[in-house]
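Chain by chain, the residues:
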Amino acid sequence: MDAPEARAHELDAADPLADVRDAFLPPDPGVVAYLDGNSLGRPPRVAAEALERFVGEEWGGRLIRGWDEGWMELPTALGDRLGRTVLGAAPGQVVLGDSTSVLLYKLARAAVAARPGRRVVVLDAGDFPTDRYVLEGIAAERELGLRWLDSAPDAGPELAEIEAALDADVALLVLSHVAYRSAQIADAAAITRAAQAAGALVLWDLSHSAGVVPVALDAWAADLAVGCTYKYLNGGPGAPAFAYVRSEHADALCQPVWGWMGREDVFGMGPGYSPTPGIRSFLSGTPPILALVPLAAGLGLIEAAGIDALRAKSVALTEWAIELFDAWLAPRGVALASPRDAARRGGHVTVRRAGFAELLGPLRARGVIPDYRAPDGLRLGLSPLTTSFAEVHAGLAVLRELLG
Ligand SMILES: *Cc1c(COP(=O)(O)O)cnc(C)c1O
């Protein structure tokens, strides 16, 4: 055992969340290091049990009666739970359903319609592709201008740059709380204040922060937010996304997909659409109950751990990855593309080197599964519920070997 390996075992032995790993189903035995929990979280054992029970007892046993016995309220009940556990949001402001892309569309479209005199949306040229594409679509549809922030790939948009882009033409600012490339954490409270001072609404994408970095939507006075539940929230592939609409906006904003589930008196089936009061008006069609079962089951693990303990372990994991990077990868021509300051760094660490794309196959053949982001970034996604320090060591040891 080399010194770093012994150190990894010490870190695991001292980790208060070490046992939580056993609450997850193991990957197939060929997996040496799963370093992509920020793209698809691993399945909690309770998710498998809950799905089986749901199909047999609720769907199979209760049939259509299930809608009156909790399914109808599930999108908002689970939203409240998510709000309390990971989003810093009081009840009545969070709903689950659709994908992050679709919820981005619904919220951004509602926001620009609520600022009719303003013709510009500010967004990050380095943001996740779907965020850019959805806003391009809205700009084309509504004949709005897009003002792009040009952030560095190893960082993210900074307050001064954002302030310079804000003026009386700006209807909406759309940003990721944690940059998907670098993991840089944005100063959400200060940015929200700056945008609101300029008269704009702010829409936060929390896909890379929910469940790993503390979020305080109410305290930030955020207007709107969306995010994924299949990353750090372990909801399963394609699990429904969440939307947050600050309570004072819920009745003032009108989302564009007018389905029966967002209408008042759903089963009245009457003529014409008029939205139901509150956050439910952001629903469109039948809620994806089956797809919410794993998330609802697995959230107990996050509630039990607590977001502060998750953040503490996440910081320790990224510090450990950077320590190994300094010792093993930097001397082999690899660059760090994430902030060194832990306070500004989210749950993943990105390293860069020309030719990394060719290493993906060999890494996978050796049981190491990282994430890759073109053109040259290897993203190490470290999930505090499921990643061990020994796993980070094992994965980076293989990478070091492959680099020669
Ligand atoms: C993962 C991710 C998404 C994914 O959106 P889907 O609609 O679920 O495909 C969106 N935005 C950001 C910032 C992401 O990281």
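One can find the structure itself at the top, above this paragraph.
The notes below deal with the structure included here. (Residues numbered from 1 in each chain as written. Predicted model: local features only at pLDDT ≥ 70, side-chain atom pairs only at ≥ 80, totals over all residues. Heavy atoms only, no water.)

Let us look at the overall build of the chain. On a plain count of helices and strands, the chain comes out with 13 helices and 13 strands. For 404 residues, the compact-globule formula gives about 22 Å, and the C-alpha radius of gyration of the chain, at 22 Å, lands near that figure. Along the first, second and third principal axes, the C-alpha atoms of the chain reach 70 × 55 × 35 Å. For the chain, with 404 residues in total, the buried portion stands at 54%. In the chain, 70% of the contacts between residues at least 6 apart in sequence involve partners at least 24 apart. Of the accessible surface of the chain, which amounts to about 15900 Å², a share of 57% is contributed by carbon and sulfur atoms. Charge separation in the chain, taken as the distance between the mean sites of 36 positive and 50 negative side-chain charges, equals 2 Å. (Helix = DSSP H or I, 4+ residues; strand = E, 2+ residues; numbered from the N terminus. Rg over C-alpha atoms; globule rule 2.2 N^0.38 Å. Buried < 20%, exposed > 50% of the residue type's maximum accessible area, 1.4 Å probe, protein only. Contact = heavy atoms within 4.5 Å. Areas by Shrake-Rupley, 256 points an atom, 1.4 Å probe, with all protein chains shown as cover. Lys, Arg positive; Asp, Glu negative; His and termini not counted. Charge placed at Lys NZ, Arg CZ, Asp CG, Glu CD.)

Before going further, it helps to spend a moment on the nonpolar core. The biggest cluster of nonpolar side chains holds 46 residues, and the ones touching the most others in it are L87, L173, W204, L206, L217, L233 and F242. Considering every element that reaches this core, the biggest residue donor is helix α10 (residues 289-305), with 6 residues. Sequence-distant contacts of L217, defined by excluding residues within four places in its chain, comprise L87, G88, L206, A222, A225, Y244 and R246. Membership of the second largest hydrophobic core comes to 33 residues, among which are L104, L107, I138 and M261. (Core = buried A, V, L, I, M, F, W, Y, C linked by side-chain atoms within 4.5 Å.)

What the largest pocket holds in volume is close to 270 Å³. Along its surface, the largest pocket is lined by 15 residues, and R53, F54, E58, V293 and A296 are the ones closest to its centre. Within the residue set of the lining of the largest pocket, elements represented by two or more residues are α2 (45-62) and α10. Counting residues per element, the lining of the largest pocket draws most heavily on α2, at 7 residues. (1 Å grid on protein atoms, 1.4 Å probe; cavity = no way out; pocket = protein on both sides within 12 Å on 5 of 7 lines; lining within 4 Å. Points joined across faces, edges and corners; volume = space filled by probe spheres on them.)

Below, the discussion takes up the pairing of strand β6 (residues 201-205). The element β6 is largely enclosed, with a buried count of 5 among its 5 residues. Burial along β6 is two-sided: the face carrying L201, L203 and D205 and the face carrying V202 and W204 are both buried. Each parallel crossover has a hand, and the one from strand β5 (residues 170-176) via helix α7 (residues 188-197) to β6 is right-handed. In the sheet, β6 pairs with strand β7 (residues 224-227) via 3 bridges, with the strands oriented parallel. The partner of L203 across the bridge, within β7, is L224. (Right-handed = clockwise from strand over helix to strand, strands pointing away. Pairing = 2+ DSSP bridges.)

One open sheet holds the 7 strands; their spatial order is β2-β8-β7-β6-β5-β3-β4, and the pairing between them is mixed. The sheet terminates laterally at β2 (94-96) and β4 (145-149), the two strands that pair on one side only. For this sheet the average axis-to-axis angle between neighbouring strands, irrespective of direction, equals 20°. With 4 bridges joining them, β7 and strand β8 (residues 242-245) adopt antiparallel strand pairing. Directly across from V226, in β8, lies its bridge partner A243. Strands β2 and β8 of the sheet are contacted by helix α3 (residues 74-87), whose axis makes an angle of about 120° with β2. (Axes fitted to C-alpha atoms, helices over the stretch in contact; angles between N-to-C directions.)

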